[in-house]
Amino acid sequence: MDASWTDPAHVLDVVVRVISAPRPEMLPRFSQELSAVLPHRAAAMQTGDCPRSPFKVTGDTTITDAVTSAELDHLVDRAVPGEAVVLDAVLAGVERRLVLLTSRPAVGKGAVIALVPSEAEPSTAALGLAARLWHLTSTDAGQRAVDPTPDVLASNLAAAAARAQTVTDLGQTHAATLVALLAVLRSGRLSDAASRQTATDLAARALLDLRAVADRDQALSAESARAAFGVLADQLSPVVGHADVTVDLAGPTDDRQLRQDIAHTARTVTRGLVIAALDRPGTTRIRASWRLDGASLRITVRDDAPDILDVVLDPGLTERITPLGGSWEVDAVPGWGATITAALPLDSVETPELRPLDRLNARELEVLSGISQGLRNRQIAAQLQLSEHTVKFHVRNLLEKLEVSSRGEAAALARDLRLDPVAVHRTA
């Protein structure tokens, strides 16, 4: 093993280089750095955290070109999280010595990586370092996967790419199976009984591969609501574990499947709202819940902070839910706290063009309608049956979303964009 790996500074430099790599380059960078400790010819990785490209390979193309995700599916159950497992198994259609690395990070689903070592028996020290480096890499990759950027959320290519990979794997697997079956049936060296038994064994293995690929497609494109909320609870555990605030988490009673983009966004939004509530002075209790309500997932975070003027919605969270057709509702009462609810449609929606008024939710449009009619906050509050403090909160948010500095500018913009007060009240 390279002696430089006994230097902590060198090890930290390696970690920085690996985790700073863009996600598509993560496996090649990891493989390159690890080769100084554990020389290997090729590496293949499969993860449930990256629906855009869950299956990746790097290294010797005579091996990587023949690797299938179905083979990695068979290896998952033989891996041990946190350890480097040395075993003999099939990869790229050939039984060979492999090193399996996997982890179970607090964030994300982790991944399994299969290495084809250059040495038949890697050293114990090399295997230990490989396992630890992979745990760091996998944990960082998982965090990046569950906190995607808005443009990734707006894209429907992720699930399509995952399914395309699945179809490709399935086609290759069945093509190989059919060729093998024909070879058996045409063979003049096998008796009828031996041919039937061999063909039966090949068909049974193909059915197992089909089931594994189908299961992987389901896991990549969706996850159960309860499992998704369980991941959120794990993510929040270190955040709220030592806070002087009681945090109640109420998961969904309905265990329907959620699209991955919905599940990721729901966790990001809930986490952001809980952290914001923790930062508000005077908060002693927070309740975060998910509820599947017809065709939408409703995320509700309620706190008891007395000063509702501290309630500010993070624009970044709005940018996350807008491409998915999501919306906000805010109910804030002085001395009683704030209740913020985000609704995310469960079905796919066409990504809307984000025009100025599209940034406002239904309640903010109602308040803007009142402003455009020259009403004061007290009059708007009476008209909408809200507290004046709640109206002030909505005014502040809509000014920020419309990127204007005064009520007059907001009213002028509403008139320019022909906001119809009657239509607003009819649709609210």
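Keep in mind that this is a model prediction, so the values were computed, not measured.

A. Representation of the packing of helix H13 (residues 377-384) against helix H14 (residues 388-402) within the structure. Between H13 and H14, whose axes approach to 8 Å, the crossing angle comes to 110 degrees. Viewed along their axes, H13 and H14 adopt a mutual orientation that is roughly perpendicular. Here H13 contributes Asn377, Arg378, Ile380 and Ala381 to the contact with H14, which in turn contributes Glu388, Val391, Lys392 and Val395. Residues that form the contact of H13 with H14 fall into these classes: 4 nonpolar, 1 polar and 3 charged.

B. Representation of the sheet that holds strand S5 (residues 111-117) in the model. Across the sheet, 5 strands lie side by side as S2-S1-S5-S4-S3; this open sheet has antiparallel pairing. Each having just a single partner strand, strand S2 (55-59) and strand S3 (84-91) make up the two edges of the open sheet. Ignoring which end each strand starts from, the neighbouring axes of this sheet average 25 degrees apart. Direction of pairing for strand S1 (residues 40-47) relative to S5: antiparallel, over a ladder of 7 bridges. Residue pairing in the sheet places His40 in a bridge with Pro117 of S5. Where helix H2 (residues 26-34) meets the sheet, it contacts S1, S2, strand S4 (94-102) and S5, and its direction lies at approximately 145 degrees from that of S1.

C. A look at the sheet that holds strand S9 (residues 285-293). Pairing is mixed across the open sheet formed by 5 strands, whose spatial order is S7-S9-S10-S12-S11. Two strands in the sheet have a free side with no partner beyond their single neighbour: strand S7 (246-250) and strand S11 (327-333). Each strand axis lies, on average, 10 degrees off the axis of its neighbour in the sheet, ignoring direction. Of the strand pairs in this sheet, S9 and strand S10 (residues 296-303) are connected by 8 bridges, and their pairing is antiparallel. When the bridges of S10 are listed, Ser289 appears paired with Thr300.

D. Summary view of the pattern of salt bridges. With the rule as written, the count across this model stands at 13 salt bridges. Note that Glu33 and Arg17 form a salt bridge whose closest N and O atoms lie 2.7 Å from each other. With a gap of 16 residues between them, Glu33 in helix H2 and Arg17 in helix H1 (residues 8-19) connect regions that are remote in the sequence. Looking at Glu33, the relative accessible area reads 12%, which means it is buried. Among the ionic pairs, Arg97 bridges to Asp88, the shortest N-O distance being 2.7 Å. Judged by its relative accessible area of 26%, Arg97 is partly exposed. Using a relative accessible area of 38% as the deciding quantity, one classes Asp88 as partly exposed. Among the ionic contacts, a cluster of salt bridges with common partners joins Asp88, Arg97 and Glu121.

E. Quick peek at the packing of aromatic side chains. Applying the stated criterion across every chain yields a total of 2 aromatic pairs. Seen from their ring centres, Phe30 and Trp134 are 4.9 Å apart, and the 70 degrees between their planes marks the pair as edge-to-face. With Phe30 in helix H2 and Trp134 in helix H5 (residues 124-146), this pair connects stretches of sequence that are 104 residues apart. Take Phe30 and Trp134: they sit in the same class, and that class is buried. Measuring from ring centre to ring centre gives 5.1 Å for Phe229 and Trp290, while their planes differ by 80 degrees; the resulting arrangement is edge-to-face. Separated by 61 residues along the polypeptide, Phe229 in helix H9 (residues 225-240) and Trp290 in strand S9 bring together distant segments of the chain. No difference in accessibility class separates Phe229 from Trp290, as the two residues are buried.

F. Representation of unusual backbone geometry within the structure. Positioned with a positive phi, Ala92 is a non-glycine residue whose angle comes to about 60 degrees. Relative to the assigned elements, Ala92 resides in the loop between S3 and S4. On the basis of relative accessibility, which here comes to 12%, the residue Ala92 falls in the buried class. With phi around 60 degrees, Gln385 is a residue other than glycine that occupies positive phi space. The class of Gln385 is exposed, set by a relative accessible area of 75%.

G. The arrangement of the pairing of strand S12 (residues 337-345) in detail. Counting buried positions over the 9 residues of S12 gives 9, a clear majority of the element. On S12, burial covers both faces: Gly337, Thr339, Thr341, Ala343 and Pro345 on one face and Ala338, Ile340, Ala342 and Leu344 on the other are all buried. Sheet analysis places S11 next to S12, joined by 7 bridges and oriented antiparallel. Each bridged residue has a counterpart across the sheet, and for Ala332 the counterpart in S12 is Ala338.

H. Here's a closer look at the packing of H14 against helix H15 (residues 407-416). Where H14 contacts H15, the two axes come as close as 10 Å, and the packing angle between them is 65 degrees. The hand of the H14/H15 crossing is left-handed. Between H14, through Val395, Leu398, Leu399 and Leu402, and H15, the contact on the second element is made entirely by Arg407, Ala410 and Leu413. By residue class, the composition of the contact of H14 with H15 is 6 nonpolar, no polar and 1 charged.

Definitions and limits used
Residues numbered from 1 in each chain as written. Predicted model: local features only at pLDDT ≥ 70, side-chain atom pairs only at ≥ 80, totals over all residues. Heavy atoms only, no water. Axes fitted to C-alpha atoms, helices over the stretch in contact; angles between N-to-C directions. Helix = DSSP H or I, 4+ residues; strand = E, 2+ residues; numbered from the N terminus. Parallel < 35°, antiparallel > 145°, perpendicular 65-115°, else oblique. Contact = heavy atoms within 4.5 Å. Nonpolar A, V, L, I, M, F, W, Y, C, P; charged D, E, K, R; others polar. Pairing = 2+ DSSP bridges. Salt bridge = Lys/Arg side-chain N within 4 Å of Asp/Glu carboxyl O. Buried < 20%, exposed > 50% of the residue type's maximum accessible area, 1.4 Å probe, protein only. Phe/Tyr/Trp six-rings, centres within 6.5 Å; stacked < 30°, edge-to-face > 60°. Left-handed = near helix turned anticlockwise from the far one by under 90°.

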